[in-house]
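Topology and contacts: notes
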Amino acid sequence: MDHPLVDRAFIGSLVRDFYGRVRSDPRLGPIFAAAIRDDWEPHLEKMTDFWCAVILKNGAYSGRPVPAHLKLKQVREDDFDIWLGYFRQTAESRCPPKVAAVFIERAERIAQSLKLAMFFRLEGPGASAA
């Protein structure tokens, strides 16, 4: 994305606003608190790197999101709808409409990919299709 507003500082601010909303959610807040504990700044920096890589395509992130999320056994599939709701609110409140649309579209793709990795299971041979 080539937009004069969108740089690492902007993305970092968006990430911090978003995670502030997530942390105050009665369902998501405890999940993140259990996983991150009091080590929020490194997580926020990692998520800023992640979103810089997604939006700016700058190669800032080299982590592996799927294995990290597979460890979170308390996450339910519908938690992603809550997460996406906060992400949409954050992007729409902080970004011009066309910029928000790019962030939201990417977040939706990421959520779909993580949901497939975490919850999609093929039935084994001989399983009945009900």
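Described below are features of the structure shown in this document.

Conventions we followed
- Residues numbered from 1 in each chain as written.
- Predicted model: local features only at pLDDT ≥ 70, side-chain atom pairs only at ≥ 80, totals over all residues.
- Heavy atoms only, no water.
- Axes fitted to C-alpha atoms, helices over the stretch in contact; angles between N-to-C directions.
- Helix = DSSP H or I, 4+ residues; strand = E, 2+ residues; numbered from the N terminus.
- Parallel < 35°, antiparallel > 145°, perpendicular 65-115°, else oblique.
- Left-handed = near helix turned anticlockwise from the far one by under 90°.
- Contact = heavy atoms within 4.5 Å.
- Nonpolar A, V, L, I, M, F, W, Y, C, P; charged D, E, K, R; others polar.
- 1 Å grid on protein atoms, 1.4 Å probe; cavity = no way out; pocket = protein on both sides within 12 Å on 5 of 7 lines; lining within 4 Å.
- Points joined across faces, edges and corners; volume = space filled by probe spheres on them.
- Buried < 20%, exposed > 50% of the residue type's maximum accessible area, 1.4 Å probe, protein only.

A word on the packing of helix α1 (residues 8-24) against helix α3 (residues 40-56)
Two quantities define a packed helix pair, namely the angle between the axes and the distance from one axis to the other. Two numbers describe how α1 lies on α3: the axes approach to 9 Å, and their chain directions differ by 125 degrees. Regarding the angle of α1 to α3, the classification is oblique. As for how α1 packs across α3, the hand of that crossing is right-handed. Residue-level contacts link Arg8, Ile11, Gly12, Val15, Arg16, Tyr19 and Arg23 of α1 to Trp40, Glu41, His43, Leu44, Glu45, Met47, Thr48, Asp49, Trp51, Cys52, Ile55 and Leu56 of α3. Taken together, the residues that form the contact of α1 with α3 break down as 10 nonpolar, 3 polar and 6 charged.

Topic: the layout of surface pockets
Estimates place the volume of the largest pocket at around 820 Å³. Lining the largest pocket are 30 residues; nearest its centre among them are His43, Met47, Ala68, His69 and Leu72. Those elements that place two or more of their residues in the lining of the largest pocket are α2 (28-36), α3, α4 (65-70), α5 (79-94) and α6 (97-119). Among the elements that take part in the lining of the largest pocket, α3 stands out by supplying 6 residues, more than any other. Among the residues making up the lining of the largest pocket, the classes are represented as 21 nonpolar, 4 polar and 5 charged.

A word on unusual backbone geometry
Here the phi dihedral of Arg37 falls at roughly 55 degrees; this positive angle occurs in a residue that is not glycine. According to the relative accessible area criterion, Arg37 is exposed, its value standing at 59%. Despite not being glycine, Lys57 shows a phi value in the positive range, around 55 degrees. Within the secondary structure, Lys57 sits in the loop between α3 and α4. The class of Lys57 is exposed, set by a relative accessible area of 61%.

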